[in-house]
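Topology and contacts: notes
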Amino acid sequence: MKAYQYPDTHDVITNQYIKHHEPYPQYWQKSEDRILNRLIDHLRSLPEKGRQRFLDAGCGGGRLLPVFAPYFREIIALDPDNNRLNMAKDIINKNNLTEKTSLFNCKTEELKDQQNFDFILSSHILQHLPTNSVFPILEHLINLLNPNGLLAVTTCHSIAPHDVYTKSYLENGQLQEIAISKEEFNRCIDQTGILPAHFFESETFTKTINTLGMERLDFQVFHANIPDIHPLTDTDDLLNASPEMQAQHGRDMYLLFRKIN
Ligand SMILES: C[S@@+](CC[C@H](N)C(=O)[O-])C[C@H]1O[C@@H](n2cnc3c(N)ncnc32)[C@H](O)[C@@H]1O
């Protein structure tokens, strides 16, 4: 079987997307940092016994491993793309995390049961998966959690009252973004050079995860697709000022769930 390769090699499409959409340089990073800080505040409030084992389910190049490492005794990180996992290895070495980190070259669904994680991160993964595997994979992750364990998800957010699908690619160096059907989305998965994205309608997404025995603790939208934002404005606070504002804004969303005993 051909080894898995993430379709956006070296993140060229994603970087063009950010360049095209961010209202000022560094906004994209600042917007995600706000989410990471919210999540870290939550992790800090957990008792010691709830901060033992952390799984980064789809760590990519490993950029988030040093961010969460200080709060956990043991880290498991996996990614099916071996090139990205090698980048993660470098980050682990540079940050002196080798002793507490184990890396696996596999897909989330291939990780075996009975893992007892306290915290699982799924950062920008679900939007790139075949549609019929999203909830089985989430169910698998939930099975790997301890009672009271936390699942943090960041993924694409639909501002329509239903899920939306797109594909992005570069043509003569220019970003092309096209709305596509769910069927075409599923056909595009794994085609190098084309990045399909699934934007989830947040209420349906939440309700489905609730049925898997999880309660939602936090929900925020981020990465505003609004031109002309001034760098000094706390745009992301405004986007999240009410459920109505959240429904209309944000290219991405962050959800934090706790496993009910
Ligand atoms: C957009 S990147 C996000 C990487 C990282 N989580 C981050 O936030 O920087 C998507 C990653 O998902 C990985 N991936 C694809 N299918 C996966 C699966 N079934 N299980 C786990 N990771 C997967 C890809 O190899 C790629 O590294």
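Everything in this summary refers to the structure shown in the same document. (Residues numbered from 1 in each chain as written. Predicted model: local features only at pLDDT ≥ 70, side-chain atom pairs only at ≥ 80, totals over all residues. Heavy atoms only, no water.)

Examining the layout of surface pockets
When its volume is computed, the second largest pocket comes out at roughly 280 Å³. In terms of lining, the second largest pocket is formed by M1, K2, A3, Y4, Q5, P80, N105, C106, K107, E110, D190 and T192. (1 Å grid on protein atoms, 1.4 Å probe; cavity = no way out; pocket = protein on both sides within 12 Å on 5 of 7 lines; lining within 4 Å. Points joined across faces, edges and corners; volume = space filled by probe spheres on them.)

Brief notes about the site of the ligand
Residues in contact with the ligand amount to 20 residues; listed here are only the nearest, G58, R63, D79, T108 and S123. At a separation of 3.1 Å, a nitrogen atom of the ligand approaches a polar side-chain atom of E109. Considering only residue class, the shell around the ligand consists of 8 nonpolar, 6 polar and 6 charged. (Near = heavy atom within 4 Å. Polar contact = N/O pair within 3.5 Å; in protein donor to acceptor, adjacent residues only side chain to side chain. Nonpolar A, V, L, I, M, F, W, Y, C, P; charged D, E, K, R; others polar.)

Notes on helix α7 (residues 202-210)
Along α7, the residues classified as buried are S202, F205, T206 and I209. The buried residues of α7 occupy an angular sector of 95° when projected down its axis, which confines them to one face. Turning to α7, the residues buried within the fold contact α5 (134-143), β5 (145-156), β9 (214-222) and β10 (252-259). You can read the cap of α7 off the contacts: a side-chain oxygen lies 3.0 Å from the backbone nitrogen of E203, and it is on E201. (Buried < 20%, exposed > 50% of the residue type's maximum accessible area, 1.4 Å probe, protein only. Helix = DSSP H or I, 4+ residues; strand = E, 2+ residues; numbered from the N terminus. Arc of directions from axis to C-beta. Contact = heavy atoms within 4.5 Å.)

Structural notes on the pairing of β5
In regular strands, side chains alternate between the two faces of the sheet. Across the 12 residues that make up β5, a large majority, 10, are buried. Across 6 bridges, the pairing between strand β4 (residues 117-123) and β5 is parallel. By the bridge assignment, S122 is partnered in β5 with V153. Of the pairings in the sheet, the one linking β5 to β10 comprises 7 bridges and is antiparallel in character. In the sheet register, L150 faces β10, and the bridge partner there is R258. (Pairing = 2+ DSSP bridges.)

Here we look at the sheet that holds strand β6 (residues 164-171)
Strand order across the open sheet formed by 3 strands is β7-β6-β8, with antiparallel pairing between neighbours. Every other strand in the sheet has two partners, leaving β7 (174-180) and β8 (195-199) as the edge strands with one partner each. Across the sheet, the mean angle separating the axes of adjacent strands is 25° when strand polarity is ignored. Inspection of the sheet shows β6 paired to β7 by 7 bridges, in the antiparallel sense. Residue T166 lies in a different strand from β7, and its bridge partner there is A179. Across the sheet, helix α1 (residues 12-21) touches β6, β7 and β8, and the angle it forms with β7 is around 95°. (Axes fitted to C-alpha atoms, helices over the stretch in contact; angles between N-to-C directions.)

Brief notes about helix α4 (residues 82-94)
Along an α-helix, residues three or four positions apart point the same way, because every turn accommodates 3.6 residues. Over its 13 residues, α4 extends 19 Å from the first C-alpha to the last, a length consistent with the 18 Å expected when each residue adds 1.5 Å. Residues of α4 that are buried include every one of R84, L85, A88 and I92, and no others. Along the long axis of α4, the arc covered by the buried residues comes to 95°, so they all point the same way. Contact partners of the buried residues in α4: α3 (65-68), β2 (74-78) and β3 (101-104). Of the residues flanking the start of α4, the one acting as N-cap is D81, its side-chain oxygen 3.0 Å from the backbone nitrogen of N83. After α4 finishes, the residue N96 shows a positive phi value of roughly 55°. (Expected span 1.5 Å × (residues − 1).)

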